[in-house]
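# Per-entry structural report
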Amino acid sequence: MSEAAQKARRVFTGVESSGPVPNEYRFSHAKNGNRHLVVAFANHAVAGEYGGSGGPLHDLRANVLRVRDLFDGENSHYLCNGLDFALDESVAGLIARVVNALSLTPDDCTLFGTSKGAGAALYFGLKYGFGSGSRSRTVRRPPDTA
């Protein structure tokens, strides 16, 4: 078997429709049984794509959930569509269902993104408590240098 074939991850593409708004996603299981989930949100440069779909997360040992930001043909920043914030609830619900299906906790999850994806990662981490140690760490303000 070639080295590329050994490194290949099986990717599942689906639509989660149990929330108010259907969400398109891609998921790949962890290598070597790692008990962690990385959720990737796409940036502006890859409009209509999935977060991290260019390969930077390919070699991670963690489970990877890539969430697509394309709703009714438009990017939404994962938050709302036509001032309807049901999209926010659906994205959070998708993440929660994957966390539960893997028998993980919200602290076993890392949210990742660049540009608008970073904003989404911060938003969902802070609002819904997803993220590595999000409930146990305190962000401290840097000391004044003046």
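Above this text is the structure in question.
Residues numbered from 1 in each chain as written. Predicted model: local features only at pLDDT ≥ 70, side-chain atom pairs only at ≥ 80, totals over all residues. Heavy atoms only, no water.

### A closer look at the environment of Ser-18
Secondary-structure assignment places Ser-18 in the loop between β1 (11-16) and β2 (23-28). Ser-18 gets classed as exposed once you look at its relative accessible area, which sits at 53%. Looking at Ser-18, its side chain comes within polar contact range of the side chain of Arg-97, at 3.0 Å. (Helix = DSSP H or I, 4+ residues; strand = E, 2+ residues; numbered from the N terminus. Buried < 20%, exposed > 50% of the residue type's maximum accessible area, 1.4 Å probe, protein only. Polar contact = N/O pair within 3.5 Å; in protein donor to acceptor, adjacent residues only side chain to side chain.)

### What to know about the pairing of strand β5 (residues 109-113)
Going residue by residue along β5, you find Cys-109, Leu-111 and Gly-113 tucked away on one face and Thr-110 and Phe-112 left uncovered on the opposite face. Where strand β3 (residues 37-41) meets β5, 5 bridges bridge the pair, whose relative direction is parallel. Residue pairing for β5: Ala-40 is matched across the bridge by Phe-112. (Pairing = 2+ DSSP bridges.)

### Some thoughts on the pattern of salt bridges
Two side chains of opposite charge can pair, provided their charged atoms sit close to one another. Using the criterion set out here, one finds 3 salt bridges in the structure. Ionic pairing is found between Glu-24 and Arg-68, a salt bridge with its closest N-O pair at 2.7 Å. Remark: Arg-68 occurs in the loop between β4 (63-67) and α2 (86-101) and Glu-24 occurs in strand β2; sequence separation between them is 44 residues. Look at Arg-68 and you get buried, because its relative accessible area is 18%. (Salt bridge = Lys/Arg side-chain N within 4 Å of Asp/Glu carboxyl O.)

### Some thoughts on the packing of aromatic side chains
By convention here, two paired aromatic rings are described through the distance between centres and the angle between planes. A full pass over the atoms with the stated rule returns 3 aromatic pairs. Relative to Phe-124, the ring of Phe-41 lies with its centre 5.7 Å away and its plane at 10°, an arrangement referred to as stacked. In this pair, Phe-41 is assigned in strand β3 and Phe-124 in helix α3 (residues 116-128), connecting sequence segments 83 residues apart. With a centroid separation of 5.1 Å and an interplanar angle of 90°, the aromatic rings of Tyr-123 and Phe-124 are classed as edge-to-face. (Phe/Tyr/Trp six-rings, centres within 6.5 Å; stacked < 30°, edge-to-face > 60°.)

### Comments concerning the nonpolar core
Leu-37, Val-39, Phe-41, Leu-65 and Ile-95 are the most contacted members of the largest nonpolar core, which totals 23 residues. The set of elements that each furnish at least two residues to this core consists of β3, β4, α2, β5 and α3. When residues in this core are grouped by element, the largest group, 7 residues, is from α2. Apart from residues no more than four positions distant in its own chain, Ile-95 is found in contact with Val-39, Phe-41, Leu-65, Cys-109 and Phe-130. Membership of the second largest hydrophobic core comes to 5 residues, among which are Val-38, Ala-40, Leu-57 and Ala-62. (Core = buried A, V, L, I, M, F, W, Y, C linked by side-chain atoms within 4.5 Å. Contact = heavy atoms within 4.5 Å.)

### Here we look at α3
Between its first and last C-alpha, α3 extends 18 Å over 13 residues, near the 18 Å set by a 1.5 Å rise per residue. Among the residues of α3, Lys-116, Gly-117, Ala-120, Ala-121, Phe-124 and Gly-125 are the ones counted as buried. Where α3 is buried, its residues touch β3, α2 and β5. Just downstream of α3 lies Gly-129, where phi reads positive at about 80°. (Expected span 1.5 Å × (residues − 1).)

### Here we look at the environment of Gly-117
Mapped onto the secondary structure, Gly-117 falls in helix α3. On the basis of relative accessible area, Gly-117 is assigned to the buried category, the value being 0%. In this structure, Gly-117 is in contact with Phe-41, Ala-42, Asn-43 and Phe-112, ignoring residues within four places of it in sequence.

### Comments concerning the side chain of Asn-63
Structurally, Asn-63 can be placed in strand β4. Here the side chain of Asn-63 touches Ala-30 through a polar contact of 2.9 Å, landing on its backbone nitrogen.

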